[in-house]
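# Coordinate inspection notes
One-letter residues, chain by chain:
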Amino acid sequence: MKKARQAGELSRRGFIVSAATGVALVVAGGALYCPREAWALEAGALKPETLETLVRMSRDIYPYDRLPDRYYAIAVKDFDAKAGKDAASKALFEDGVTTLDGLAAAAGGKRYADLGWEEERLAILRKVEASPFFAAVRSGLVVSLYNQKEVWPLFGYEGSSADKGGYINRGFSDIEWL
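Residues numbered from 1 in each chain as written. Predicted model: local features only at pLDDT ≥ 70, side-chain atom pairs only at ≥ 80, totals over all residues. Heavy atoms only, no water.

## Concerning a negative patch on the surface
Put simply, the test is: Patches in this entry comprise residues that are over 30% relatively accessible and not in a salt bridge; like charges within 9 Å are linked, as are nonpolar side chains (Val, Leu, Ile, Met, Phe, Trp, Tyr) within 5 Å. Note on areas: these come from Shrake-Rupley sampling with a 1.4 Å probe, and a residue is covered only by the protein chains present in the view. Between Lys or Arg on one side and Asp or Glu on the other, a salt bridge is scored when a side-chain nitrogen of the former is within 4 Å of a carboxyl oxygen of the latter. We count Lys and Arg on the positive side and Asp and Glu on the negative side, and we leave His and both chain ends out. Charge coordinates come from a single atom per side chain, which is NZ of Lys, CZ of Arg, CG of Asp or CD of Glu. Secondary structure elements follow DSSP: runs of H or I no shorter than four residues count as helices, runs of E no shorter than two count as strands, and numbering proceeds from the N terminus.
On the surface, D65, E118, E119 and E120 cluster together into a patch of negative charge. Take E119: it is sitting in helix α5 (residues 118–128).

Shown next as structure tokens:
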């Protein structure tokens, strides 16, 4: 007997179609999926749509073309964990995303995450950059994005050298153009 699909639940066919059409992020069944990169982020305290917007916002604040969305999603997961522990944090993130979506709707009739042009999204971010929401996201990303050891090689950082004898013996004289 076939099980009835819940509203927002992603079918196998829907997953394959979204992957084939190049859709970057898909919200379904209480989670955020990226078919193109084959990862998923389960929503805890925050709504999946909020996580989607926070991933898009994170990429707009710290844009790196070489950095896949999964690293931004890992960083955003920290916001979800914080929202699960603190009702004020949850309200800050949910209300902040609602504000972004409202500004986006006023500008083009879409949600912030659905705006296709980076310039449109940046114009909206400039309107909220003095808000506590923007400050919380930006400062949280400094830690949660850049502390991921998997991204260090993508930025050219080889990691700590103290346990390998320091920079005098490892990398200090690597510059050959001097």
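## Details of the packing of aromatic side chains
Rules: The criterion for an aromatic pair is that two Phe, Tyr or Trp rings (for Trp, the six-membered ring) have centres within 6.5 Å, with stacked assigned to planes under 30 degrees apart, edge-to-face to planes over 60 apart and tilted to the rest. Burial here depends on accessible area, computed with a 1.4 Å probe over protein chains only, as a share of the maximum for the residue type. Under 20% is buried, over 50% is exposed, and the range in between is partly exposed.
Under the defined criterion, the tally for this structure stands at six aromatic pairs. Seen in terms of ring centroids, Y62 and Y146 are 5.7 Å apart; in terms of plane orientation they differ by 80°. Their pairing is edge-to-face. Of this pair, Y62 sits in the loop between α2 (48–61) and α3 (69–85) while Y146 sits in helix α6 (residues 132–146), and the two are 84 residues apart along the sequence. Residue classification places Y146 among the partly exposed residues on the basis of a relative accessible area of 24%.

## Things to note about the nonpolar core
Test applied: Working definition of a nonpolar core: buried Ala, Val, Leu, Ile, Met, Phe, Trp, Tyr and Cys residues. They are joined through side-chain atoms within 4.5 Å. What makes two residues a contact is simply this: any of their non-hydrogen atoms within 4.5 Å.
Residues L54, M57, I61, L100, L125, F133 and V137 are the most contacted members of the largest nonpolar core, which totals 31 residues. Among the elements that take part in this core, α3 stands out by supplying seven residues, more than any other. Among residues more than four places away in sequence, those in contact with M57 are L100, Y112, L125, F133, F134 and V137.

## Things to note about the side chain of D101
Filter applied, for reference: Polar contact is defined as a pair of N or O atoms within 3.5 Å, subject to the rule that within protein one atom must be able to donate a hydrogen and the other to accept it, and that residues adjacent in sequence are counted only when both atoms are side-chain atoms.
Locating D101 in the fold gives a position in helix α4 (residues 87–108). A distance of 3.0 Å separates a polar atom in the side chain of D101 from the backbone nitrogen of Y112. In contact with D101, other than residues within four places in its own chain, are T53, K110, R111, Y112 and A113.

## A few points about the confidence of the model for the protein
Formally: Per-residue confidence from the predictor is reported as pLDDT, which spans 0 to 100.
Confidence in the prediction of the protein, expressed as mean pLDDT, is 79, and 71% of residues score 70 or more. Ranking the elements of the protein by mean pLDDT puts helix α1 (residues 12–20) last with 45 and α6 first with 95. Every residue in residues 1–10 is under pLDDT 50, and counting partners more than four places away or in other chains gives 12 contacts. Long-range and interchain partners of residues 13–23, a stretch whose pLDDT sits below 50, account for eight contacts in this model, where long-range means more than four residues apart.

## Describing the pattern of salt bridges
A complete count under the given rule lists six salt bridges for this structure. Its salt-bridge partner being K47, residue E94 comes within 3.8 Å of it at the nearest N-O pair. Residue E94 is found in helix α4, and its partner K47 is found in the loop between β3 (39–42) and α2; the two are separated by 47 residues along the sequence. Between D114 and R111 there is a salt bridge; the shortest N-O distance is 3.2 Å.

## Here we look at α3
Filter applied, for reference: By this rule the span expected of a helix is its residue count minus one, scaled by 1.5 Å.
Across its 17 residues, α3 extends 25 Å between first and last C-alpha, which sits within 8% of the 24 Å expected from 1.5 Å per residue. Those residues of α3 that fall on the buried side of the exposure criterion are D69, Y71, Y72, A73, A75, V76, F79, D80 and A83.

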